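Examining the three-dimensional arrangement
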Protein chains: 2
Amino acid sequence: MNGAEALLRTLVGSDVDVCFANPGTSEMHFVAALDRVPEMRGVLTLFEGIATGAADGYARMTGKPATTLLHLGPGLANGWANLHNARRASTPLVNIVGDHATYHRRFDSPLQADLWGLARTISAWQRSTARVDDVGADAADAVLASYGPPGRIATLIVPADVSWSEGGAPASRRPVPPLPLVPPETIEEIAKVLRGSERAVLLIGGAAMRERGLGAAARIARSTQAKVLCETFPAVHARGGGLLEVEKLAYFGEMAMAQLDGAQHLVLAGARAPASFFAYPGKPSDLVPQGVTVHELAAPGVHVPAALDALADALGARALGARALGADALGARAPAPQAAPRRPGRPSGRLTAESMAAAVGHLLPDGAIVVDESITSGLSVPAATAGGPRHDWLALTGGSIGQGLPVATGAAVASPGRRVLSLEADGSAMYTLQALWTQARESLDVTTLVLANGSYAILQLELARVGAAGDGERAAALLDLHRPTLDFVSLARGMGVPAERATDAEGLAALLERSFSEDGPMLVEAVLG
Amino acid sequence: MNGAEALLRTLVGSDVDVCFANPGTSEMHFVAALDRVPEMRGVLTLFEGIATGAADGYARMTGKPATTLLHLGPGLANGWANLHNARRASTPLVNIVGDHATYHRRFDSPLQADLWGLARTISAWQRSTARVDDVGADAADAVLASYGPPGRIATLIVPADVSWSEGGAPASRRPVPPLPLVPPETIEEIAKVLRGSERAVLLIGGAAMRERGLGAAARIARSTQAKVLCETFPAVHARGGGLLEVEKLAYFGEMAMAQLDGAQHLVLAGARAPASFFAYPGKPSDLVPQGVTVHELAAPGVHVPAALDALADALGARALGARALGADALGARAPAPQAAPRRPGRPSGRLTAESMAAAVGHLLPDGAIVVDESITSGLSVPAATAGGPRHDWLALTGGSIGQGLPVATGAAVASPGRRVLSLEADGSAMYTLQALWTQARESLDVTTLVLANGSYAILQLELARVGAAGDGERAAALLDLHRPTLDFVSLARGMGVPAERATDAEGLAALLERSFSEDGPMLVEAVLG
């Protein structure tokens, strides 16, 4: 068995059975081995940023890594930005990067680059396999490393001669140790804080944003009157279906500080202490108001939902209600319904950010996965969907735009039978639009809703916020996406995805309804007035 | 004056007056300063790989750097692959990368990454400006560093607070020292070698591929009967108009070794010793045949055309012919015409790689710039254009696909009045297709000819060459671009570029003729049968 086949068999044996690929010559033996290892599903992408973003979306939904297949330094570089987002999402992810044959590197041929140095800037674990005998063990180690905790990027560099040489042997799966638990003393200490104060804020994030964590947070809030906030850009936020509705920490610092105003204690559970996304002249970067004491209940690498449950138990909080919503990835404790389901009415008239949000809220299918890269235009959608059916919400975790379409692609591969709604801004959609082709190729149930406002609207805001705005035309032109206007209907059809344009609220609702009821992908361009 | 304005004024004062930009919040003061420094032309791109590739194309045509404007680590990463190609082209290029404010970095906010480490993997020179007082000097140093020699990537990281703080002062331009000359002893030594052997090969590359170098190479070949070859992927190759027709070193190693077969001496002028692009099982990576002695006349960092001229003079070679073609960037020595202009006839009938090449050769405008990322489908075009009018040929220097459309964009910005013909393969076009939007926005005279064969055809070849090909469907599927078929006409129109499809040779010729006679960009999709 050659190295490539041993690598593939080890991955499959380690429960990694989807590969988002954009291969080149150095990966050809890996590609050929796919025919001998049919348990591995290869998904072709037209650009490496699609492969890495899709692997992120896949892992967010399954809790287990996918692998990418990338071509040398440039392939890893093209995938880097979405690896950055995956890193911020604590996503387990395994990169397989093909390299030149070991003996070929000294020739510094055109595609040679500092691949090792590049991998180091984005990977928590990395290895370059030196001999074919090691490839199985290295792959099994890479999968284990990707689990963290918390989940992380593991990059295995595989020289071409390691792939093509005979003598490879698959390694067996490395068991993933259980997540560490928070010691009882910490639980008790924080329970004491919450019992002693009526001005506490519980800030949850990461694994706390799933059903079990939200249920525990609801119990804690009920028995202590602590205010519950959640991080601004969660990897997966379980919403709707009567789950606890959590207020998000605001993106802009002054709004976040207002949310924390008057607090005495801030308890962190899977979230980091609030800090500004960017720095602004004369505004603080540290968003924890003076006089607030910060306590860490659970860091991202520990069992955060268990810690919240233990805290709720310590506080004597009982589970609210009786409705069981089933086990999530982290445990079987069911949260309580908070409110009767409610949806906005079917909108009509002018297509605005608000009527668009109402259309989404009115029609969102049960079990949907919402991938949110709508930047400014989608701000009304969370409120319009909070009371709707159970769905998962995947945010732009690392701030690097071009994440939405790829993550939607991977989430759909991971979740057959569920509708993915990809909320996209026009500017960010253009970073990785090639994802649409993979959605068509794999017949994925993804509805892409492009919110076209013809500008980098967030940058127009930021230009003012950093105090740089003048009334100059040349600066304004650099944030403007008209001249020419992007036609997303034409772009999507060019990649084999059916597409239509909505110019009023009725039209948008009808198109969403159609897409939600049909199999396969569709793109809807909403021209916001 | 704030730091951003001092930075811009320094760049402009250093003769860097085009900025290919994809800015974010940390670059907003730079954007705002554009209104105060109208000498700087800002060109907006929809993805950073467009910005870096365009800067490469611009510098290849002008000999001076453009600057990019990139947003933090992810922005640099998105531009990395085309920086890699620029590095391989010895292109002078200045990256301006915005960073978080210096005091903000400790918060590790979502967009924070190892920007310094990332820059190190692609830059020959890099600096992070620590204080606003330094920004002018740092920018002037960056421009100087980019000149090398040879040209190289200089990356200046500018924290947001350096941009927005008052106290900046522009620095004056650093003079670029003249290129080093090759010592007379080396010239004489190699002249002796060439006089004493009839089995010598002169391999030229880099700066030798312009008019002066080609003229000198022609004189050397005439007086010594040395065989002249050139590197496979030159940054700029001056062709047509009677210039010396140089045979390219073949891409595949066995063909390259056949070209060198029987040689006794190999003289390098601006080129590197031949090595295989990739390694293949059982095939050599080193392509210099046994028994061949390698001599370096001129390394890429010295004045290569002057060295060739000196060598020709030492050999007593006279300039051939009398036609003066004017001075190029490296000097005024004019080459001699080699042959009367000849073009292929206007093709008709089936649209094949050959009839497509004939259409291009029949119609190529005088002074055209051909940007070649056609991979397998364009192999017949060089022969069909060699005898045509004077044009420049820009190749894929670093092997990282996605270079063609961006380089064409930058070459067009650099060369108003000249038609750019961008020869693209379908697979590689999809990497950085967003360049079309910038071409429409800037009304650039670029004709993009997409050669659609519906596959990664080069990889199908490579799969066989690495000995990995089976008859398996799953491997074949991963190299296939049908399912769904890409519609480049629809894609181009979606970005505001007029587009048409050609299905026979007459149709292709008519569309090329139309595009060559009209202002602005156009895309022609040639469906090859």
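In case you missed it, the structure is sitting above this.
In what follows, the accompanying structure is described.

Rules of the game
Residues numbered from 1 in each chain as written. Chains lettered and ligands numbered in written order. Predicted model: local features only at pLDDT ≥ 70, side-chain atom pairs only at ≥ 80, totals over all residues. Contact = placed C-beta atoms within 7 Å. Helix = DSSP H or I, 4+ residues; strand = E, 2+ residues; numbered from the N terminus. Least-squares fit on C-alpha atoms with pLDDT ≥ 70 in both. Axes fitted to C-alpha atoms, helices over the stretch in contact; angles between N-to-C directions. Parallel < 35°, antiparallel > 145°, perpendicular 65-115°, else oblique. Left-handed = near helix turned anticlockwise from the far one by under 90°. Nonpolar A, V, L, I, M, F, W, Y, C, P; charged D, E, K, R; others polar. Pairing = 2+ DSSP bridges. Buried ≥ 20, exposed ≤ 12 C-beta atoms within 10 Å, placed from the backbone. Core = buried A, V, L, I, M, F, W, Y, C linked by C-beta atoms within 7 Å.

All right, on to the interface of chain B and chain A then. At the junction of the two partners, chain B supplies 82 residues and chain A supplies 82 residues. Ranked by residues supplied to the side of chain B that touches chain A, first place goes to helix H4 (residues 72-88) of chain B with eight residues.

Another aspect to go through is the environment of Ile220(B). All names here are of chain B. You can see Ile-220 is positioned in helix H9 (residues 211-224). With 147 residues separating them along the chain, Ile-220 and Gly-73 place their C-alpha atoms 48 Å apart. Those residues within four positions of Ile-220 in sequence are excluded, and the remaining contacts are Leu-202, Ala-226, Leu-308, Leu-311, Ala-312, Leu-315 and Ala-317.

A few words on the relation of the copies chain B and chain A. Rotating chain B by 180° and translating it 0.0 Å along the rotation axis places it on chain A, where the RMSD comes to 0.0 Å. Interpreted geometrically, this transformation is the action of a two-fold axis. Distance from the rotation axis, computed per C-alpha, reaches its smallest value in chain B at Leu491(B): 2.3 Å. Same-surface contact between copies: 100% of interface residues of chain B are shared with the interface of chain A.

Residue and element names in this part refer to chain A. When you line up the elements, Val-228 lands in strand S8 (residues 227-230). Taking C-alpha positions, Val-228 is 9.7 Å from Leu-244, a pair spaced 16 residues apart along the chain. Beyond its immediate chain neighbours, meaning those up to four positions away, Val-228 contacts Leu-202, Ile-204, Ala-217, Ala-221 and Val-246.

A few words on the packing of helix H8 (residues 184-195) of chain A against helix H11 (residues 304-314) of chain A. Residue and element names in this part refer to chain A. H11 packs onto H8 with a crossing angle of 55° between their chain directions and a minimal axis gap of 9 Å. Accordingly, the angle class assigned to the pair H8 and H11 is oblique. Read as a crossing pair, H8 and H11 show a hand that is right-handed. Contacts between H8 and H11 involve Ile-187, Glu-188, Ile-190 and Ala-191 from the first element and Ala-307, Ala-310, Leu-311 and Ala-314 from the second. The class makeup of the residues in the contact of H8 with H11 is seven nonpolar, no polar and one charged.

This part is about the sheet that holds strand S18 (residues 522-527) of chain B. Residue and element names in this part refer to chain B. Ordered in space as S9-S14-S13-S15-S16-S18-S17, the seven strands form an open sheet in which the pairing is mixed. Edge positions in the sheet fall to strand S9 (237-239) and strand S17 (499-502), since each has one partner strand and no second. The mean angle between the axes of side-by-side strands here comes to 20°, regardless of whether they run parallel or antiparallel. For strand S13 (residues 369-373) and strand S14 (residues 391-395), the ladder comprises four bridges, and the chain directions are parallel. In the sheet register, Asp-372 faces S14, and the bridge partner there is Ala-395. Against the sheet, helix H14 (residues 404-414) engages S13, S14, strand S15 (420-425) and strand S16 (446-452), with an angle of about 175° to S15.

Here we come to the pairing of strand S16 (residues 446-452) of chain A. All names here are of chain A. Taking burial as the measure, the seven residues of S16 include seven buried ones, the bulk of the element. Both faces of S16 are covered, namely the face carrying Val-446, Thr-448, Val-450 and Ala-452 and the face carrying Thr-447, Leu-449 and Leu-451. Here strand S15 (residues 420-425) runs beside S16; their pairing, made up of six bridges, is parallel. Counterpart to Val-420 in the pairing with S16 is Val-446. Here S16 pairs with strand S18 (residues 522-527) via six bridges, running parallel. For Leu-449, the partnering residue across the bridge sits in S18 and is Val-524.

Core analysis: the biggest nonpolar cluster contains 385 residues, and Ala269(A), Ala307(A), Ala269(B) and Ala307(B) have the highest contact counts within it. Those residues in contact with Ala269(B) that sit more than four places away from it in its chain are Leu202(B), Ile204(B), Ala208(B), Leu297(B), Ala298(B), Val304(B), Ala307(B) and Leu308(B).

Residues and elements named next belong to chain A. The strand order across the open sheet built from seven strands is S9-S14-S13-S15-S16-S18-S17, with neighbouring strands paired in mixed fashion. Two strands in the sheet have a free side with no partner beyond their single neighbour: strand S9 (237-239) and strand S17 (499-502). Taking each pair of neighbouring strands and ignoring which way they run, the sheet shows an average axis angle of 20°.

All names here are of chain B. Burial within strand S7 (residues 200-204) is extensive, with five of its five residues counted as buried. Side-chain alternation along S7 places Ala-200, Leu-202 and Ile-204 on one buried face and Val-201 and Leu-203 on a second face that is also buried. Note that S7 and strand S11 (residues 265-269) share five bridges and pair parallel. By the bridge assignment for S11, Val-201 is matched with Leu-266. Sheet analysis places S7 next to strand S8 (residues 227-230), joined by four bridges and oriented parallel. Counted as the bridge partner of Val-201 is Lys-227 from S8.

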